[in-house]
Amino acid sequence: MPMQPMHHIPARGGLNYDETPFLAIWEITQACDLACKHCRAAAQPIPHPDELSHAEGIALIDQIADMHIPIFVFTGGDPMKRKDVFELIRYAASRGVQVALTPSATPLLTREAIFQLKEAGLVRLGISLDGSTPEIHDAFRGLPGAWARTVQAIQWANEAGIPIQVHSTISRHNAHDLDNLCALFEKMSIVMWNVFFLVPVGRGQQADLLSGEEFEQVFGKIYELSQRASFQVKTTEAMHYRRYLLQHNLEEKRMGHGHPGAAHAYEPGDPTADAQTRNMGWATRRVNDGKGFLFISHVGNVYPSGFLPIHAGNIRETPLAAIYREAPIFKALRDTSKLEGKCGACEYKEICGGSRARAYALTGDPLAQEPCCIYQPRNWKPKTEDDQPALCQPEHATPLVSL
């Protein structure tokens, strides 16, 4: 029998990502009253006439339960625009499915609605805050008053006893604001800060994208903040932050300051772990687009990620498990031997692999090397200049963050 490739090794915690994702996201509606600059969905105020029905939503939840997917997220658009959102959460809870929700900060997100979400069985509320001041956040979200409503919603969620995860999309609009954001979150009793790195799709524009050097600057700042934050810090669409974390972990152990076993002993969610151990746990999770992750659109189309718009099938025609396990794009994305350029040669490819969504957005090839990574693998010998695409080169020399 041939040796099993590393990408088939079951993930920590017992999940085999060839069979079951760690995280599934359902865009329960495309309707939203905001016009955020980075919006993947290019959301509209009115629901799509062909969005999944209530019965189809119930059937999808049954499939999520049968696949034993640990985390199921309702997103949008604005999920609060869907009238049966409370019923869907309540049904999911009855099936043992843990549902998180990412609503928009609009007048629909009232104190009463948040307490209803808690009563229905919601396990976590994810809310976006992209600036420490109304000026930064409201300009990003395209709606005056969005910052104030977001802060108020977080206070209400604290009252209701719903754990809060804050999402911040990092781009040229706010990369200078990370210290102030972290200080603000310390006052809010959040459990996690999810730092999302822009993928230029939908309304997200390439001009807002950080360069590879600037990614490293922001990684350094996030790492510094994570060491003293009282909450977990993780990244989305910055898989190479895991490489950055592991490099620092190895360097600190070499200097005698590290935590031996930190990268192996921790599973995300342990509140007793120290900051370094908590954040190293996310580095070993190895989730990537299509690899431990899937996205279901408002009309039932399945994608490796909401930011990687390669259609893999529709749940109205094919069971979700079959799409995830058998669709060619999912299988290709889970096979690290198919990665191209320096990602394919990188010694960190099993825990990183680069953002497949960003590679696709900037090159048209989901298996191309991460365009915004400056790391040079040990055994990497580029054959031509084309192996080093200058897609994320800095436009200026001024650092975006002060380290």
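Remember, it's a predicted structure, so these values are computed and weren't measured experimentally.

## Section: the sheet that holds strand E2 (residues 71-75)
As a general point, the strands of a sheet are linked pairwise by backbone hydrogen bonds and lie either parallel or antiparallel. In spatial order, the strands read E7-E6-E5-E4-E3-E2-E1-E8-E9-E10; together these ten strands make up an open sheet with mixed pairing. Where the open sheet ends on each side, the last strands, each with one partner, are strand E7 (232-236) and strand E10 (313-314). Here strand E6 (residues 192-197) runs beside E7; their pairing, made up of five bridges, is parallel. What sits directly across from Trp193, in E7, is Val233.

## Some points on helix H5 (residues 146-160)
With 15 residues, H5 extends 21 Å from end C-alpha to end C-alpha; this agrees with the ideal 21 Å at 1.5 Å per step. Taken together, the buried positions of H5 are occupied by Ala146, Trp147, Thr150, Val151, Ala153, Ile154, Trp156, Ala157 and Ala160. Its buried side turned inward, H5 meets helix H3 (111-120), strand E4 (124-128), helix H4 (134-141), strand E5 (164-170) and helix H6 (178-186).

## What about the nonpolar core?
With 105 residues, the main nonpolar core has Phe72, Phe74 and Trp193 as its most contacted residues. It is H5 that provides the largest number of residues to this core, a total of seven residues. If we skip the residues at most four places from it in the chain, Phe72 touches Ala24, Trp26, Leu60, Ile61, Ile64, Val97, Gln98, Val99 and Ala100.

## Quick notes on the packing of aromatic side chains
What the rule picks out here adds up to 16 aromatic pairs. With a centroid separation of 6.1 Å and an interplanar angle of 15°, the aromatic rings of Tyr241 and Tyr244 are classed as stacked. On the criterion of helical spacing, the pair formed by Tyr241 and Tyr244 is a turn pair, its members being three residues apart in helix H8 (residues 240-254). The exposure class of Tyr241 is buried, given its relative accessible area of 2%. We classify Tyr244 as buried; its relative accessible area is 11%. Positioned above the aromatic ring of Tyr324, the side-chain terminus of Arg334 is 4.5 Å from the ring centre.

## Looking at the confidence of the model for the protein chain
For the protein chain, per-residue confidence averages 85 on the pLDDT scale, and 80% of positions sit at 70 or higher. Scored below 50 in pLDDT, residues 1-12 makes 21 contacts in the model with residues more than four places away or belonging to other chains.

## With respect to the pairing of E5
In terms of burial, E5 is largely enclosed, as seven of its seven residues are buried. The alternating pattern of E5 places Ile164, Val166, Ser168 and Ile170 on one face and Gln165, His167 and Thr169 on the opposite face, and all of these are buried. Looking at chain direction, E4 and E5 are connected through four bridges and run parallel. Within the sheet, the bridge partner assigned to Ile127 lies in E5 and is Val166. Pairing of E5 with E6 involves six bridges; the strand directions are parallel. Across the sheet, residue Ser168 finds its bridge partner in E6, namely Val195. Taken together, E5, H6 and E6 form a β-α-β motif whose crossover is right-handed.

## Examining the packing of helix H2 (residues 85-94) against H3
The geometry of H2 relative to H3 is characterised by a closest axis approach of 8 Å and an angle of 25° between their N-to-C directions. The orientation of H2 with respect to H3, classified from their angle, is roughly parallel. Counted together, Phe86, Ile89, Arg90 and Ala93 of H2 and Ala113, Gln116, Leu117, Glu119 and Ala120 of H3 form the full contact between these two elements. Grouping the amino acids of the contact of H2 with H3 by side-chain chemistry returns six nonpolar, one polar and two charged.

## Regarding the pattern of salt bridges
What the rule picks out here adds up to 19 salt bridges. For the salt bridge of Glu159 with Arg111, the shortest nitrogen-to-oxygen distance reads 2.8 Å. Taken together, the residues Glu159 in helix H5 and Arg111 in helix H3 connect sequence positions 48 residues apart. Assessed through its relative accessible area of 47%, Glu159 is described here as partly exposed. The salt bridge partner of Glu370 is Arg358, with a shortest N-O separation of 3.2 Å. Here Arg358 lies in helix H14 (residues 356-363) and Glu370 lies in the segment after H14, a separation of twelve residues in the sequence. A network of salt bridges, in which partner residues are shared, links Asp179, Lys221, Glu224 and Arg228.

Basis of the calculations
Residues numbered from 1 in each chain as written. Predicted model: local features only at pLDDT ≥ 70, side-chain atom pairs only at ≥ 80, totals over all residues. Heavy atoms only, no water. Pairing = 2+ DSSP bridges. Helix = DSSP H or I, 4+ residues; strand = E, 2+ residues; numbered from the N terminus. Expected span 1.5 Å × (residues − 1). Buried < 20%, exposed > 50% of the residue type's maximum accessible area, 1.4 Å probe, protein only. Contact = heavy atoms within 4.5 Å. Core = buried A, V, L, I, M, F, W, Y, C linked by side-chain atoms within 4.5 Å. Phe/Tyr/Trp six-rings, centres within 6.5 Å; stacked < 30°, edge-to-face > 60°. Lys NZ or Arg CZ within 6 Å of the ring centre and 35° of its normal. pLDDT = per-residue confidence, 0-100. Right-handed = clockwise from strand over helix to strand, strands pointing away. Axes fitted to C-alpha atoms, helices over the stretch in contact; angles between N-to-C directions. Parallel < 35°, antiparallel > 145°, perpendicular 65-115°, else oblique. Nonpolar A, V, L, I, M, F, W, Y, C, P; charged D, E, K, R; others polar. Salt bridge = Lys/Arg side-chain N within 4 Å of Asp/Glu carboxyl O.

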